[in-house]
Amino acid sequence: MKRIVMILATLFTALTVIAQSTGTGSIEGFITTPDGKAVANVNVSIKGLKKHVITDEKGKFAFTDIPFGKYILVYSFENEVSQEIPVTVPPEKNDAASYNLALNGRELKEVIVRIGGSINQGTASIGKSGIPIMDLPQAVTIIGQSTIENQQAQRLSDVVKNVNGVYLGGARASTQETFYARGYSLGNTNTFKNGFRVNSGAMPEMSAIESVEVLKGGAALLYGNVAPGGIINMVTKKPKFVFGGEVNMRAGSYDLYKPAVDIYGPINKSIAYRVNGTYEKANSFRDHVHSERFYVNPSLLFKLSNKTNILVQGDYLQHDFTPDFGIGTMNADTSLPASTVGGKRVTPVSRNTFFGAPWQYTKTRQATASFEANHQFNDRWALNALGGYQKYERDYLSTERIQADINGKFRRPLGKTNNEEDYFTGQLNLKGDVKTGSVSHKLLIGADYEKVTSTALASDITTLFKGGIYDSINLLDPTMFVRRTDIPQASWVSSVENPVTRFGAYIQDLVSLSDKLKLLAGVRWSFQQADRSKTKTLATNAVVVGKTLQIDKAFSPRVGLVYQPTSRTTAFVSYSNSFSPNSGLDIDSATLKPSIIDQFEVGVKNDFFGGLLSANLTFYRIINNNLTQPVQTLKDGTPVAGTTTLRELTGQTMSDGIEIDLKSQPIKGWDILAGYSYNNMRYTKTSGKVGSYVEDERLVNNPAHTANATTFYTFQNSAIKGLKLGAGIYYVGERNAGWNTQYAGSNSKLTLNDRLFQVKGFTTVDISAGYTYKKLSLIAKLANIGNTFNYYIHENYSINPIPPRNFLVTAAYKF
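Residues numbered from 1 in each chain as written. Predicted model: local features only at pLDDT ≥ 70, side-chain atom pairs only at ≥ 80, totals over all residues. Heavy atoms only, no water.

Points about the overall build of the protein chain
Then comes step 1: When you go through the protein chain residue by residue, the secondary structure sums to 4 helices and 52 strands.
Then comes step 2: Looking at the protein chain residue by residue over its 815 residues, the buried ones come to 54%.
Then comes step 3: A total accessible area of about 34200 Å² is found for the protein chain, and carbon and sulfur atoms account for 58% of it. (Helix = DSSP H or I, 4+ residues; strand = E, 2+ residues; numbered from the N terminus. Buried < 20%, exposed > 50% of the residue type's maximum accessible area, 1.4 Å probe, protein only. Areas by Shrake-Rupley, 256 points an atom, 1.4 Å probe, with all protein chains shown as cover.)

Quick look at the structure:
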């Protein structure tokens, strides 16, 4: 895993050259960012000596026993041109034991520093405490800027497919992307940008993203109410104290056009700015599907002193597009009534076939504003404070849920919704590096607060259209019915407001028991309150307050042991606990307690050949000990007849898995990233009665196997210097779709409500080629070169084919 840090012309390197009486000397130095922060885990090498070191947490590096002579210190990153600094041992002047070198004095526009040649070097900002990845008892992946640019990522899914074990599981109506990790869906609570939760209903803009961090497994101690599979954090581009930027133009299949601009620089010695924005317009391989996006992201960095800085940033996304439920399913069971709709048969039509109406739309708006303040008290203690606001809105009108009968007849239902979300948040983190005797501690003490108010509008569309049905069409024979094309006229009749408040306080300590043994331990206390809902009738402004006020409180502990027999190997074992709030009522009409989830993880992280090859292996088990299931008997012992909304905590799911990560830089300019994961997420304990699920059945949208491999090589010499070639291969295995099987009938005579069907696995292959000449670059990608045909599926009514063979080309100018 790698991060890219752009250390600009104002980067300051302090070098000390010390002569020794033995005819050898040492070279020591510090690397800091323009705002004075130390940069850890930077690879520094001496040209020709095959020596390299990595800066520590204070940004310090040192070479010892260097024979007298002239040398070149080299800073480089992947396929970029190396930057070199001359150093003489001993110093050329007898009275000069040390000197400072300001890189802008050498008229360098930027120095690109490689942080960690391996996937195990560096730190992840999502970890809050600055613990090196090698010291964390869990799996972490960081996808950096070079990968995002090389692959011309359009959506978050284009980046996440490089993270093994994390995959796109569904795209309901193509209105949002739903990711899964270790068997669990990563929704709003597990998606972050710069450490703040973001509504996953909006598709993030990738042109503003510097890197994407994935913290797998338990994250409840740091972030409270999150699903156990992992969290995704997008890190946006930040201001710089040197002028620069890029303008580019991207074009692609289906009339895709996307100009973008990114400009940064200093306003004065204490304030830097950055503004990036883009406009995108495209059609689709799907008939009658269109998309138009506008995005802008301004930010300011205030350097108040060498110890204090404040980052203020905001962004605005406007996305108008056609909601698309794909090709749907048909009933294929002749034993069922002919009027039964939907089933296990994917409609046998071409991937471009569109069953919607020409007027349907989704209009998404998302605006955020945030600040991050950092203050370094001294070498040991630092304070980090964050605050933010997010406004999200989606207005939607469409035909939807494509479920046809056995003959292909589809009665098109209508949906009209408007959802808004106001989100306020704040975090405070105190970080300390202290010692108790010979034992070192890396402390994190923090608290966070969130206030989320969701408002949903309901319309009279089901009243205006009987049963909410727009018209009828036939999926197999377009000529059988005349399709309506008029736009449904409906009005908003009511709104429902649901406020939720979350608060958490936590403490974590990484204890270095010895040079080889470390203990990570911590605990969080979480509080969540779902206030009573407020339903307003818009015609009269009458408000009805709901009866249910739900309060959940829980402690979430975490403990991990790290053993490092060498500086290049880490073995770890960890346990964490989290909670998941449950909706509904129990048999006493009381709110349900949260489900408690236990996570166990064991793994090994290895860097071989001086970091040229990284190989990591992780095993995990996640147990949801008290999954909610329908109540089976009333308080007097009477069996429940039929279905019920009352719930009890009696079920259990278990997710077991293996993950393998590989990363290599065998030679300069050649990068290889690969991974494989196995997962078995299934029901392990159910009541076996009406409404409960069948045990040992794999949950929907969870493939047993996923794999990925990408490689890029940039020629460093000869007449083709600057030529870049790359390829990627991605595999998603067979998975269940629809709904998991439930027991039906009566408890005395059980039947199975079987709505589960299988979707075959698929492999896609992409190839890329590009060329860079000075400030100009051109890169092209041909995606899905084999024209693989498969689907992303939500239940059985949104069956969205994957894109066919397509191309992207980006021309860029950097200044």
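More follows now that the structure is in view.
Concerning the pairing of strand S31 (residues 469-474)
Then comes step 1: Burial of S31 is extensive: 6 of the 6 residues sit out of reach of the surface.
Then comes step 2: The pairing of strand S29 (residues 409-436) with S31 spans 5 bridges and is antiparallel. Residue pairing in the sheet places Phe-410 in a bridge with Ile-473 of S31. (Pairing = 2+ DSSP bridges.)

Things to note about the confidence of the model for the protein chain
Then comes step 1: For the protein chain, the mean per-residue pLDDT works out to 86, and 88% of the residues sit at or above 70.
Then comes step 2: For residues 1-13, every residue scores under 50 in pLDDT, and the model assigns this stretch 68 contacts once sequence neighbours within four places are set aside.
Then comes step 3: Considering only residues more than four positions removed or in separate chains, one finds that residues 76-82, a stretch of pLDDT under 50, has 28 contacts. (pLDDT = per-residue confidence, 0-100. Contact = heavy atoms within 4.5 Å.)

Describing the sheet that holds strand S11 (residues 140-143)
Then comes step 1: Strands sit in the order S11-S17-S18-S15-S16 across an open sheet of 5 strands; the sheet is mixed. Each end of this open sheet is capped by a strand with a single partner; those strands are S11 and strand S16 (196-197).
Then comes step 2: Bridge count between strand S15 (residues 191-193) and S16: 2 bridges; the pairing is antiparallel. Note that in S16 the partner of Phe-192 across the bridge is Arg-197.

Observations concerning the packing of aromatic side chains
Then comes step 1: Under the counting rule described, the total for this entry stands at 16 aromatic pairs.
Then comes step 2: Taken together, a centroid distance of 4.6 Å and an interplanar angle of 55° make the contact between Phe-192 and Tyr-223 tilted. In this pair, Phe-192 sits in strand S15 while Tyr-223 sits in helix H3 (residues 220-223), placing the two residues 31 residues apart along the sequence. Here the two residues Phe-192 and Tyr-223 agree in accessibility, since each one is buried.
Then comes step 3: Judged by centre distance (4.9 Å) and plane angle (75°), the ring pair of Tyr-713 and Phe-715 falls under edge-to-face.
Then comes step 4: Owing to a relative accessible area of 24%, Tyr-713 belongs among the partly exposed residues under this scheme.
Then comes step 5: For Phe-715, a relative accessible area of 23% puts it in the partly exposed group.
Then comes step 6: Put simply, the rings of Phe-243, Tyr-813 and Phe-815 pair up and form one aromatic cluster.
Then comes step 7: The side chain of Lys-128 reaches across the aromatic face of Tyr-223, ending 4.3 Å from its centre. (Phe/Tyr/Trp six-rings, centres within 6.5 Å; stacked < 30°, edge-to-face > 60°. Lys NZ or Arg CZ within 6 Å of the ring centre and 35° of its normal.)

Some thoughts on the pattern of salt bridges
Then comes step 1: If you walk through the whole model with that rule in mind, you get 31 salt bridges.
Then comes step 2: Between Asp-320 and Arg-365 there is a salt bridge; the shortest N-O distance is 2.7 Å. A residue pair is termed long-range when its members are at least 10 positions apart, and Asp-320 in strand S23 (residues 308-321) and Arg-365 in strand S26 (residues 361-376) qualify at 45 residues.
Then comes step 3: Since its relative accessible area comes to 23%, Asp-320 is described here as partly exposed.
Then comes step 4: Overlapping salt bridges bring together Arg-155, Glu-205, Lys-258, Glu-280 and Arg-293 as one network. (Salt bridge = Lys/Arg side-chain N within 4 Å of Asp/Glu carboxyl O.)

Concerning a nonpolar patch on the surface
Then comes step 1: Judged by side-chain polarity, Leu-513, Leu-561, Val-573, Val-602, Leu-617, Phe-619, Ile-660 and Leu-662 come together as a nonpolar surface patch covering roughly 600 Å² of accessible area.
Then comes step 2: Of all elements in the fold, only strand S39 (613-630) and strand S40 (647-664) reach the threshold of two or more residues within the nonpolar patch.
Then comes step 3: If you trace the backbone, Leu-513 turns up in the loop between strand S32 (492-512) and strand S33 (517-530). (Patch = residues over 30% accessible without salt bridge, like charges linked within 9 Å, V, L, I, M, F, W, Y side chains within 5 Å.)

Here's the deal with the environment of Thr-329
Then comes step 1: By the secondary structure assignment, Thr-329 is in strand S24 (residues 329-330).
Then comes step 2: Since its relative accessible area comes to 0%, Thr-329 is described here as buried.
Then comes step 3: Placed 13 residues apart in sequence, Thr-329 and Gly-342 show a C-alpha to C-alpha distance of 5.3 Å.
Then comes step 4: Contacts of Thr-329, omitting those with residues within four sequence positions, involve Gly-342, Gly-343, Arg-345, Val-346, Thr-347, Ile-402, Gln-403, Ala-404, Phe-757, Asn-796 and Ile-799.
Then comes step 5: In terms of polar contacts, Thr-329 uses its side chain to reach the backbone carbonyl oxygen of Asn-796, at 2.7 Å. (Polar contact = N/O pair within 3.5 Å; in protein donor to acceptor, adjacent residues only side chain to side chain.)

A word on the sheet that holds strand S14 (residues 184-186)
Then comes step 1: Strand order in the open sheet made by the 3 strands is S12-S13-S14, with antiparallel pairing throughout. Both outer strands of the open sheet, strand S12 (166-170) and S14, are each paired with one neighbouring strand and no more. Sheet twist, expressed as the mean angle between neighbouring strand axes with direction ignored, is 45°.
Then comes step 2: The pairing of S12 with strand S13 (residues 178-181) spans 4 bridges and is antiparallel. Pairing of Val-166 across the sheet is with Ala-181, part of S13. (Axes fitted to C-alpha atoms, helices over the stretch in contact; angles between N-to-C directions.)

Re the side chain of Arg-502
Then comes step 1: Tracing the chain through its elements places Arg-502 in strand S32.
Then comes step 2: Polar contacts involving the side chain of Arg-502 include one to the side chain of Gln-528, which spans 3.0 Å.
Then comes step 3: Not counting residues up to four positions away in its chain, the partners in contact with Arg-502 are Thr-189, Arg-197, Asn-225, Asp-448, Tyr-449, Glu-450, Val-452, Phe-527 and Gln-528.

A closer look at the side chain of Thr-347
Then comes step 1: Along the chain, Thr-347 turns up in the loop between strand S25 (345-346) and S26.
Then comes step 2: If we ignore the near neighbours within four places in the chain, the residues touching Thr-347 are Ile-327, Gly-328, Thr-329, Met-330, Phe-355, Leu-475 and Leu-476.

Here we look at the nonpolar core
Then comes step 1: Ranked by internal contacts, the top residues of the largest apolar core, which has 21 residues, are Leu-156, Val-159, Val-166, Met-206, Val-212, Ile-232 and Met-234.
Then comes step 2: Each residue touching Leu-156, except ones within four places of it in the same chain, is listed here: Glu-177, Phe-179, Pro-204, Met-206, Val-212, Ile-232 and Met-234. (Core = buried A, V, L, I, M, F, W, Y, C linked by side-chain atoms within 4.5 Å.)

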